[in-house]
Amino acid sequence: MKVKDVMTSEVQCCSPDTNLAAAAKMMWDSDCGALPVSNVEGKVLGVITDRDICMAAATKNRPPSQITVWETIAPQAFTCRPTEDVHVVLDLMKRKQVRRLPVVDEDGILQGVVCINDLILQAGEAKWKKAADLSIEDVMSTLKGISTHRVLAAA
């Protein structure tokens, strides 16, 4: 099974200059917990999560409307391609402890997002259809790896 079979193609994204209040509103309106961050050409620079917004609002001593996405996101963007096997993506999510990956083309242009939720739902469907592409055990192993406290994972 390929990423393109389970990814969400219609996604909201924001720019590095978007303020955190606007990014939070976009997440609320889209019923999601993360937004890809892209430049004007559509190249993915990173991901901003609802947790990132909360932590920045709590620690930067400025209103969210005065904090940009760029000063909040991690310096490295983990991405995948639409043609990658979902097992490769599960491994990347587990190793990098991320629940969502922007899906990009060969030029780094946003094509969609694949989330652990998408894979959980697909694994549940596969079990009932007796398909072997994606097992619940594969996805749960990844979710366990993602959920491990980073301090414990580093030890």
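Check the entry above for the structure.
Residues numbered from 1 in each chain as written. Predicted model: local features only at pLDDT ≥ 70, side-chain atom pairs only at ≥ 80, totals over all residues. Heavy atoms only, no water.

S.K.: Even after reading the chapter, I still don't get the nonpolar core, so can you show me in this structure?
M.R.: Side chains of a nonpolar character, in soluble globular proteins, are inclined to be buried together. One finds Met93, Leu101, Val114, Leu119 and Leu134 to be the most contacted residues of the largest nonpolar core, which totals 21 residues. Breaking this core down by element, the ones donating at least two residues are helix 3 (86-96), strand 3 (100-104), helix 4 (116-128) and helix 5 (136-147). Sequence-distant contacts of Met93, defined by excluding residues within four places in its chain, comprise Val98, Arg99, Arg100, Leu101, Val114, Cys115, Ile116, Leu119, Thr142 and Ile146. Grouped together as the second largest cluster of nonpolar side chains are 13 residues, Met26, Met27, Leu35 and Ile53 included. (Core = buried A, V, L, I, M, F, W, Y, C linked by side-chain atoms within 4.5 Å. Buried < 20%, exposed > 50% of the residue type's maximum accessible area, 1.4 Å probe, protein only. Helix = DSSP H or I, 4+ residues; strand = E, 2+ residues; numbered from the N terminus. Contact = heavy atoms within 4.5 Å.)

S.K.: Can you help me understand the pairing of strand 3 in this one?
M.R.: Two faces make up the sheet, and in a regular strand the side chains alternate between them. Judged by how many residues are buried, strand 3 sits mostly within the fold: 4 of 5 residues are covered. Sheet analysis places strand 3 next to strand 4 (residues 110-115), joined by 5 bridges and oriented antiparallel. Note that in strand 4 the partner of Val103 across the bridge is Gly112. Taking the residues that link successive antiparallel strands as the turn, the strand 3-strand 4 hairpin has 5 residues, and the phi of Gly108 there is positive, at about 80°. (Pairing = 2+ DSSP bridges.)

S.K.: Looking at this structure, I do not really get the pairing of strand 2 (residues 44-49). What am I missing?
M.R.: Looking at chain direction, strand 1 (residues 34-38) and strand 2 are connected through 5 bridges and run antiparallel. Looking at strand 2, one finds that Ser38 is bridged to Val44.

S.K.: It is not clear to me how the packing of helix 3 against helix 5 should be interpreted in this structure. Could you clarify?
M.R.: When two helices pack together, you describe them by how their axes are tilted relative to each other and by the distance separating the axes. At a minimum axis separation of 8 Å, helix 3 and helix 5 run at an interaxial angle of 20°. Classified by the angle their axes make, helix 3 and helix 5 are roughly parallel. In this structure, helix 3 meets helix 5 at a crossing whose hand is left-handed. Counting all contacts with helix 3, which are made through His87, Leu90, Met93 and Lys94, the residues of helix 5 involved are Asp138, Val139, Ser141, Thr142, Gly145 and Ile146. Its residues assigned to classes, the contact of helix 3 with helix 5 comprises 4 nonpolar, 4 polar and 2 charged. (Axes fitted to C-alpha atoms, helices over the stretch in contact; angles between N-to-C directions. Parallel < 35°, antiparallel > 145°, perpendicular 65-115°, else oblique. Left-handed = near helix turned anticlockwise from the far one by under 90°. Nonpolar A, V, L, I, M, F, W, Y, C, P; charged D, E, K, R; others polar.)

S.K.: Can you walk me through the pattern of salt bridges in this structure?
M.R.: Oppositely charged side chains can pair when the atoms bearing their charge come close. Counted by the stated rule, this structure contains 3 salt bridges. The salt bridge partner of Lys25 is Asp29, with a shortest N-O separation of 2.8 Å. A residue pair is termed a helical-turn pair when its members lie 3 or 4 positions apart in one helix, as Lys25 and Asp29 do in helix 1 (residues 20-30) at 4 residues. (Salt bridge = Lys/Arg side-chain N within 4 Å of Asp/Glu carboxyl O.)

S.K.: I keep staring at the packing of helix 1 against helix 2 (residues 50-59) and nothing clicks. Help me out?
M.R.: Look at helix 1 against helix 2: their axes get within 10 Å of each other, and the N-to-C directions meet at 150°. As far as their axial angle goes, helix 2 and helix 1 are roughly antiparallel. Read as a crossing pair, helix 1 and helix 2 show a hand that is left-handed. On helix 2, the residues touching Leu20, Ala23, Ala24 and Met27 of helix 1 are Asp50, Ile53 and Ala56. When its residues are assigned to classes, the contact of helix 1 with helix 2 shows 6 nonpolar, no polar and 1 charged.

S.K.: What am I meant to see in the environment of Glu84 here?
M.R.: Take Glu84: it is sitting in the loop between helix 2 and helix 3. Distance from Glu84 to Asp50, taken between C-alpha atoms, is 27 Å for residues 34 residues apart in sequence. If sequence neighbours within four positions are ignored, Glu84 has contacts with Met1, Lys2, Val3 and Val89. A distance of 2.7 Å separates the side chain of Glu84 from the backbone nitrogen of Arg81, its partner in a polar contact. (Polar contact = N/O pair within 3.5 Å; in protein donor to acceptor, adjacent residues only side chain to side chain.)

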